[in-house]
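# Observations on the three-dimensional arrangement
This is what each chain is made of:
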There are 2 protein chains.
Amino acid sequence: MKLLEDRIEADGKVFPGNILKVDSFLNHQIDVALISQLGREIKRLYSDSGVNKILTIEASGIGIACITAQFFDCPVLFAKKSKTKNIANAVYRTQVHSYTHGTQYDVIVSEDFLGKDDKVLIVDDFLAEGNALLGLIDLCRQAGAEIAGCAIAIEKGFQPGRKRVEAEGVRVESLAIVESMSDHGVTFKKQ
Amino acid sequence: MKLLEDRIEADGKVFPGNILKVDSFLNHQIDVALISQLGREIKRLYSDSGVNKILTIEASGIGIACITAQFFDCPVLFAKKSKTKNIANAVYRTQVHSYTHGTQYDVIVSEDFLGKDDKVLIVDDFLAEGNALLGLIDLCRQAGAEIAGCAIAIEKGFQPGRKRVEAEGVRVESLAIVESMSDHGVTFKKQ
């Protein structure tokens with residue numbers, strides 16, 4: 001999606017270790033007008049998929065998920081990072097490995113809000129190693145929900161996330177796929 | 001706001017310890033159509049305030065902040081919970097006491113995205129003790145940003161949050177103010 005690629009080129013910042021900072025418009029400060037265009041494109045990609053729920057993970061997926069959900073006329077459910085092993089309510093629970101922080105954490109969704117009648121679109125801001133998406137896929141499967149696919153703003157195409165998610169039989173659509181990054185800028189995979 | 005009060009009465013759940021669970025539509029599953037109506041009302045309340053940035057705190061404020069920002073044609077900035085005391089980037093930092101968890105945590109915003117040209121509307125899902133809002137007010141003041149006020153979905157009117165925020169000279173608007181809660185339901189303060 002050229003609009004997003006142009007914005008990454010203009011405002012993204014590359015740091016050593018293949019870090020791409022887009023916190024001026026995507027995941028700290030959020031340009032809601034831009035995100036609305038992304039949501040419209042996600043709706044186009046999944047227009048015939050019967051999506052009736054959007055699932056994301058806190059915190060940085062929530063903004064794009066909510067704005068995208070407006071195009072689907074459906075609710076958002078966000079998986080919460082859980083600090084406690086035991087909570088009173090009935091939840092689906094999975095573990096996500098954080099590549100960035102080198103840790104594991106639990107994420108949960110309430111059993112009340114995900115079930116076999118749901119056709120879920122998983123939305124997130126980034127795809128790199130794919131661990132968050134695999135966790136969300138696991139939650140959907142525990143709940144017996146159908147997965148329409150994943151919609152991602154920015155994919156790091158040189159990391160194995162897409163391959164791992166597609167190996168689960170889940171469709172992946174990314175609005176911008178970064179092929180390489182350097183001090184000289186970012187190159188995108190042609191879609 | 002009657003629409004929100006009706007929804008709380010229909011779908012909110014009261015638990016011992018003055019806990020009001022609204023996670024079916026506000027802060028776990030998010031009814032974006034409802035939130036859009038809340039955003040429209042917040043815009044009406046602050047229509048002449050020159051707001052050019054909406055500030056919230058992760059995670060459950062992000063959805064309502066993003067949808068509300070669409071009515072103001074302005075970006076959202078969300079304060080992040082910080083696990084590390086030292087990070088490379090220049091940030092404003094404050095401490096927030098969590099009444100629910102009995103802990104303190106640091107929240108940060110980048111200096112790049114908050115400054116003296118900003119007129120900030122602080123948006124959050126809940127107001128009870130007011131600690132999160134006081135932290136966000138502190139961040140704005142560190143940055144020299146002007147504060148238009150706070151807009152809250154649900155206020156617990158029997159807790160001291162509003163008084164503490166107003167004591168800072170900051171306007172507070174809540175779309176529903178819970179006066180009391182019991183097994184028999186919720187009563188609202190007339191506005």
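Quick note: structure is the one above.
Now for a description of the structure that goes with this document. Remember, predicted model here, so these are calculated numbers, not experimental data.

### Considering the relation of the copies chain A and chain B
Here chain A sits on chain B after a turn of 180° about the axis and a move of 0.0 Å along it, with an RMSD of 0.0 Å. One copy is carried onto the other by what is essentially a two-fold rotation axis.

### Side note on the pattern of salt bridges
All names here are of chain A. Enumeration over the complete set of coordinates arrives at 24 salt bridges over all chains. Note that Asp 23 and Lys 21 form a salt bridge whose closest N and O atoms lie 3.3 Å from each other. Judged by relative accessible area, Asp 23 falls into the buried class, the value being 16%. Linking Glu 168 and Arg 141 is a salt bridge whose minimum nitrogen-to-oxygen distance equals 2.7 Å.

### As for the interface of chain A and chain B
Facing the 33 residues of chain A at the interface are 33 residues of chain B. When the area that chain A buries against chain B is broken down by residue, the three leading residues are His 28, Gln 29 and Phe 113 of chain A, summing to 25%. Connecting chain A to chain B are zero salt bridges. Our count for the chain A to chain B interface comes out at eleven residue pairs in polar contact (both at pLDDT 80 or more). For the side of chain A that touches chain B, the secondary structure elements donating two or more residues are strand E3 (29–30), helix H2 (32–45), helix H3 (62–72), strand E5 (76–82) and strand E7 (103–110) of chain A. Split into classes, the residues belonging to the side of chain A that touches chain B amount to 15 nonpolar, eleven polar and seven charged. The pairing of E5 of chain A with strand E3 (residues 29–30) of chain B spans two bridges and is classified as antiparallel. Following the sheet pairing, Val 76 of chain A is matched in E3 of chain B by Ile 30 of chain B.

### Some remarks on helix H2 (residues 32–45) of chain B
Residues and elements named next belong to chain B. With 14 residues, H2 should cover 20 Å at 1.5 Å per step; its first-to-last C-alpha distance of 20 Å lies within 8% of that length. Looking at H2, one finds that the buried residues are Val 32, Leu 34, Ile 35, Ser 36, Leu 38, Gly 39, Glu 41 and Ile 42. At the N-terminal end of H2, a side-chain oxygen is found 3.1 Å from the backbone nitrogen of Ala 33, two or three residues along, and the residue is Asp 31.

### A few points about the packing of aromatic side chains
Enumeration according to the criterion identifies zero aromatic pairs over all chains in this entry. The ring of Tyr 46 of chain A carries Arg 171 of chain A above its face, with NZ or CZ at 4.0 Å from the centroid. Across the ring face of Tyr 105 of chain B, the terminal group of Lys 81 of chain B is positioned such that the distance to the ring centre comes to 5.1 Å.

### Some words on the nonpolar core
One finds Leu 4 and Ile 54 of chain A together with Leu 4, Ile 54 and Ile 154 of chain B to be the most contacted residues of the largest nonpolar core, which totals 77 residues. Non-local contacts of Ile 54 of chain A, meaning those with residues more than four positions away in its chain, are made with Ala 65, Thr 68, Ala 69, Phe 72, Cys 74, Pro 75, Val 76, Leu 77, Leu 121 and Val 123 of chain A. Ala 79, Cys 140, Cys 150 and Val 172 of chain A belong to the second-largest nonpolar core, a separate cluster that totals 27 residues.

### Quick notes on the packing of H2 of chain A against H3 of chain A
All names here are of chain A. Where H2 contacts H3, the two axes come as close as 8 Å, and the packing angle between them is 50°. Between H2 and H3, the angle falls in the class oblique. H2 and H3 meet at a crossing whose hand is right-handed. Contacts between H2 and H3 pair Val 32, Ile 35, Ser 36, Leu 38, Gly 39, Arg 40, Ile 42 and Lys 43 from the former with Gly 63, Ile 64, Ile 67, Thr 68, Phe 71 and Phe 72 from the latter.

Rules used throughout
Residues numbered from 1 in each chain as written. Chains lettered and ligands numbered in written order. Predicted model: local features only at pLDDT ≥ 70, side-chain atom pairs only at ≥ 80, totals over all residues. Heavy atoms only, no water. Least-squares fit on C-alpha atoms with pLDDT ≥ 70 in both. Salt bridge = Lys/Arg side-chain N within 4 Å of Asp/Glu carboxyl O. Buried < 20%, exposed > 50% of the residue type's maximum accessible area, 1.4 Å probe, protein only. Contact = heavy atoms within 4.5 Å. Buried area = accessible area lost by both parts, 1.4 Å probe. Polar contact = N/O pair within 3.5 Å; in protein donor to acceptor, adjacent residues only side chain to side chain. Helix = DSSP H or I, 4+ residues; strand = E, 2+ residues; numbered from the N terminus. Nonpolar A, V, L, I, M, F, W, Y, C, P; charged D, E, K, R; others polar. Pairing = 2+ DSSP bridges. Expected span 1.5 Å × (residues − 1). Phe/Tyr/Trp six-rings, centres within 6.5 Å; stacked < 30°, edge-to-face > 60°. Lys NZ or Arg CZ within 6 Å of the ring centre and 35° of its normal. Core = buried A, V, L, I, M, F, W, Y, C linked by side-chain atoms within 4.5 Å. Axes fitted to C-alpha atoms, helices over the stretch in contact; angles between N-to-C directions. Parallel < 35°, antiparallel > 145°, perpendicular 65-115°, else oblique. Left-handed = near helix turned anticlockwise from the far one by under 90°.

This is a description of form; function is not addressed.
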